[in-house]
Amino acid sequence: MKKPEKDPTNRKKFHLPTNPWVYILILLGAVMIVNMLSMGNMLSGNRTEYVEYSKFLSMVDSGQVQAVEITDTLIRFTVSSGMFPWRSGNTYATYPVDDPNLVQRLYKAGVEFGGVSQESRVSILSVIVNLVLPLAFYGLMIFWIVKMIRGSKDGKGGGFNLLGGFGKSGAKMYNVSEVTKRFADVAGQDEAKDQLIEMVDFLNRPEKYKAIGAKLPKGALLVGPPGTGKTLLAQAVAGEAKVPFFFVSGSAFVEMFVGTGAARVRDLFKEAAEKAPCIVFIDEIDAIGKKRDGTGLNANDEREQTLNQLLAEMDGFDPSKGIIILGATNRPEILDKALLRPGRFDRRITVDLPDMKGREAILRVHAKNIATAPDVDLAAIARATVGASGADLANIINEGALCAVRAGRTATAQCDLEAAVELVIAGSERKSMVISPEEKRIVAYHEIGHALVAARQKHSAPVHKITIIPRTNGALGYTMQVEETERVLMSREDLESKIVTLTAGRAAEEFAFKTCTTGAANDIEQATKLARNMVTRFGMSDKFGMVALDTQTSLYLGDGAQAICSPETSTLVDKEIQRLIAESYDKALSILRDNAQKLSELSSYLLEKETITGEEFMEILGPEQNEKVTPLPVGNESAE
Ligand code: ADP
Ligand code: MG
Ligand code: ZN
């Protein structure tokens, strides 16, 4: 995703009013400093000199005094410049004494004199300078600091953002020109696109819908496993709709201050209402939309408040204004029921893992950005990547390009992409790992055991590649099976033969070396998981039949199975799983026994070559005597 530019209009809004603040503050500060300095009379040439009362009287008598102001607390007077010309205009002051003759004396000397009221000496100017200006100064300072703390309107501009955009929505707003993604950038996912196209059309031409009286959904929830393009789709919607697009992550609402989340939701909807028509996209909405628990414990007060605010806002806005709320999550099952009810997120758009066609299309979209050699066959890569998400595929293309650079090629070849697939599935090769020849032999037998048993079973995908080069994910080698066509259903026979194939590694070790190693740990785990699912979820055991004994807690985030049967049944389930795997193991062992000659022949060949292709393997193995091998594919598997 291109790094978004900040919305230019928001930017100006923040900066223009800010600059005058700075100027006003500087001006006020300067005035105050000048005022403080002059209070000390340091700049003033007009010093007031205090003299004794007797001196004052003698000055009056000698005729130096020109004018006198008398107050209760002070007598100020000016002298004529004749005597002190260098101090012309200077004022003197003295403290009054109880002297009833003073008036007469002044009168006689012909001095102008009079009383001054105390209040009128406090001039309006001095009030302003001494009181109003400092108040204004401090007031503005506080105002400015608060403004700095709050940050600018978009919640992240403005340099200072001490509390992370406290109180503001925290949503990034993209203008039309800033969103570069289009529906063409999203490969596959046609059903999701169809539904979203309708929403885009509504935003672009609302009249069409209003004429009929049709209301469009207020919101749509994109659900699916991680990396399938939910965020990408929302961006494409924004790009196609030509309206402003608010992007906010659910976690952005959750803050350390109680009430912040709710305030942000409120702000978000206010901002959206100003910009309508527009799209508001809340990514990873499960961060705030989690089910409210009925325990009454207020440990989650903040989150619940935020959710309540979101619910209220979604009810409150008028859909005809053209605000569409999109949410994305990969855990829809933990969302609050209230959030999912019609009137809020009334559309649920599933963005699932791509099928083979979808994978090829995604690979094609991303391959456009790199230089590819003419031998590149993206369909083959798509076939080898069952279960990969869009993000995985984008990663494979990029890793392929990196591989090509490493090999010094100018264009990405098919072998680079194949290496990238392995890299993503199994990690990179660990050439530095030292393995003793004896261990290497065991690994070779183990892998050939998998491959041989897979090839000798009816319901098994053809072997694509076998290698005994260790990988960074811990595998000492692996056998890759690639199906020919995409399967949406797996039969009981498919699964059973898969388990047999998984147990074949250990079976080969046992058969050839009369020992067993830790190398089978991953096989055992996979086989057990498969067997458990067959018994508890797929209803594929004769003992229990079609009874659900497990429930999946997370639909899109992998297996979080939870037993929903009694402990007694649970014990029986474990027994049944044991039986299934033990039978599979025996079957694998018997297949290996029937092909003992081929097993050692192939293992030696693999030991020598380290990596062999499926064709090489099948050539040496040859057809089975009585049965012909129909390669019925099973899901892609990478067994150790
Ligand atoms: P999520 O569903 O987790 O939000 P994203 O939308 O972030 O997944 O997808 C991650 C990346 O995977 C995208 O940036 C894109 O490169 C790639 N991708 C995923 N799905 C697709 C798709 N259908 N078409 C093209 N690229 C895709
Ligand atoms: Mg996402
Ligand atoms: Zn194995």
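Quick caveat: nothing in here was measured; it's all calculated off a predicted structure.

Asker: Looking at this structure, how should I read helix H16 (residues 437-455)?
Answerer: An α-helical turn contains 3.6 residues, so a residue and the one three or four places further along point in the same direction. With 19 residues, H16 extends 27 Å between its outermost C-alpha atoms, agreeing within 8% with the 27 Å of an ideal straight helix rising 1.5 Å per residue. With 15 of 19 residues buried, H16 is to be regarded as a mostly interior element.

Asker: In this structure, what is going on with the site of ligand 1? I would like to understand it.
Answerer: Residues in contact with ligand 1 amount to 16 residues; listed here are only the nearest, Ala 187, Gly 227, Lys 230, Thr 231 and His 366. In the environment of ligand 1, an oxygen atom lies 2.9 Å from a nitrogen or oxygen atom belonging to the backbone of Leu 232. Between ligand 1 and Ala 391 there is a distance of 3.4 Å, counted from an oxygen atom to a backbone nitrogen or oxygen. Protein chains bury 81% of the 560 Å² of accessible surface belonging to ligand 1 in isolation. Here the shell around ligand 1 is built from residues that sort into seven nonpolar, seven polar and two charged.

Asker: Whenever I open this one, the packing of aromatic side chains confuses me. Can you help?
Answerer: Pairs of aromatic rings are described using the distance from one ring centre to the other and the angle between the two planes. One pass over the structure, following the stated rule, counts nine aromatic pairs. Ring centres of Phe 202 and Tyr 209 lie 5.4 Å apart, and the angle between their planes is 75°; on these two criteria the pair is classed as edge-to-face. Accessibility classification places Phe 202 together with Tyr 209 in one group, the buried group.

Asker: Just to check I follow, could you spell out the packing of helix H17 (residues 492-513) against helix H18 (residues 521-536) for this structure?
Answerer: Angle between the axes and distance between the axes: these two values describe a pair of packed helices. Across the interface, H17 lies against H18 with an axial gap of 9 Å and an inter-helix angle of 155°. Comparing the axis directions of H17 and H18 gives the class roughly antiparallel. Regarding H17 and H18, the two cross each other, and that crossing is left-handed. In this structure, H17 contributes Arg 492, Leu 495, Glu 496, Lys 498, Ile 499, Leu 502 and Arg 506 to the contact, and H18 contributes Asp 523, Ile 524, Gln 526, Ala 527, Leu 530, Ala 531 and Met 534. Classifying every residue of the contact of H17 with H18 by side-chain character gives eight nonpolar, one polar and five charged.

Asker: Honestly, the sheet that holds strand E9 (residues 278-283) in this entry has me stumped. Any pointers?
Answerer: The strands that make up a sheet pair up through hydrogen bonds in the backbone, lying either parallel or antiparallel. Ordered by their spatial adjacency, six strands build an open sheet running E6-E8-E9-E10-E7-E11, and the pairing between neighbours is mixed. Sheet topology places strand E6 (172-174) and strand E11 (345-350) at the edges, where each strand pairs with a single neighbour. The average angle at which neighbouring strand axes cross in this sheet is 20°, direction not considered. Sheet analysis places E9 next to strand E10 (residues 323-329), joined by five bridges and oriented parallel. Looking across to E10, one finds that Ile 282 is bridged to Gly 327. Its contacts with the sheet place helix H7 (residues 230-241) against strand E7 (219-223), strand E8 (245-249), E9 and E10, and it is angled at close to 170° to E9.

Asker: What exactly am I supposed to notice about the sheet that holds strand E2 (residues 65-70) here?
Answerer: Judged by pairing direction, the sheet is mixed, and its five strands sit side by side in the order E1-E4-E3-E2-E5 without closing on themselves. A single partner strand is all that each edge strand has here, and the edge strands are strand E1 (48-50) and strand E5 (112-115). In this sheet, adjacent strand axes meet at a mean angle of 20° when their direction is disregarded. Where E2 meets E5, four bridges bridge the pair, whose relative direction is parallel. Of the residues in E5, the one forming a bridge with Val 68 is Phe 113.

Asker: Even after reading the chapter, I still don't get a negative patch on the surface, so can you show me in this structure?
Answerer: The grouping of Asp 190, Glu 191, Asp 194 and Asp 355 at the surface amounts to a negative patch. Mapped onto the elements of the fold, Asp 194 is located in helix H5 (residues 190-204). Under the relative-accessibility criterion, Asp 194 is labelled exposed at 53%.

Asker: Hey, could you run me through the environment of Thr 412 in this one?
Answerer: Topologically, Thr 412 is positioned in the loop between helix H14 (390-406) and helix H15 (414-426). Take Thr 412: its relative accessible area is 2%, and that puts it in the buried class. Sequence separation between Thr 412 and Glu 399 is 13 residues, and the spatial gap between their C-alpha atoms is 9.9 Å. In contact with Thr 412, not counting residues within four places along its chain, are Ile 370, Ala 371, Thr 372, Ala 373, Val 376, Gly 400, Ala 401, Ala 404 and Leu 417.

Asker: In this structure, what is going on with unusual backbone geometry? I would like to understand it.
Answerer: Note: most peptide bonds trans; most residues except glycine with negative phi. Phi angles above zero are rare outside glycine, and Gln 189 is one such case at about 50°. Considering the arrangement of structural elements, one finds Gln 189 in the loop between E6 and H5. Among the residues examined, Gln 189 registers a relative accessible area of 13% and is labelled buried.

The rules behind the values
Residues numbered from 1 in each chain as written. Chains lettered and ligands numbered in written order. Predicted model: local features only at pLDDT ≥ 70, side-chain atom pairs only at ≥ 80, totals over all residues. Heavy atoms only, no water. Helix = DSSP H or I, 4+ residues; strand = E, 2+ residues; numbered from the N terminus. Expected span 1.5 Å × (residues − 1). Buried < 20%, exposed > 50% of the residue type's maximum accessible area, 1.4 Å probe, protein only. Near = heavy atom within 4 Å. Polar contact = N/O pair within 3.5 Å; in protein donor to acceptor, adjacent residues only side chain to side chain. Areas by Shrake-Rupley, 256 points an atom, 1.4 Å probe, with all protein chains shown as cover. Nonpolar A, V, L, I, M, F, W, Y, C, P; charged D, E, K, R; others polar. Phe/Tyr/Trp six-rings, centres within 6.5 Å; stacked < 30°, edge-to-face > 60°. Axes fitted to C-alpha atoms, helices over the stretch in contact; angles between N-to-C directions. Parallel < 35°, antiparallel > 145°, perpendicular 65-115°, else oblique. Left-handed = near helix turned anticlockwise from the far one by under 90°. Contact = heavy atoms within 4.5 Å. Pairing = 2+ DSSP bridges. Patch = residues over 30% accessible without salt bridge, like charges linked within 9 Å, V, L, I, M, F, W, Y side chains within 5 Å. Salt bridge = Lys/Arg side-chain N within 4 Å of Asp/Glu carboxyl O. Lys, Arg positive; Asp, Glu negative; His and termini not counted. Charge placed at Lys NZ, Arg CZ, Asp CG, Glu CD.

Such coordinate-based values are descriptive only and should not be taken to indicate function.
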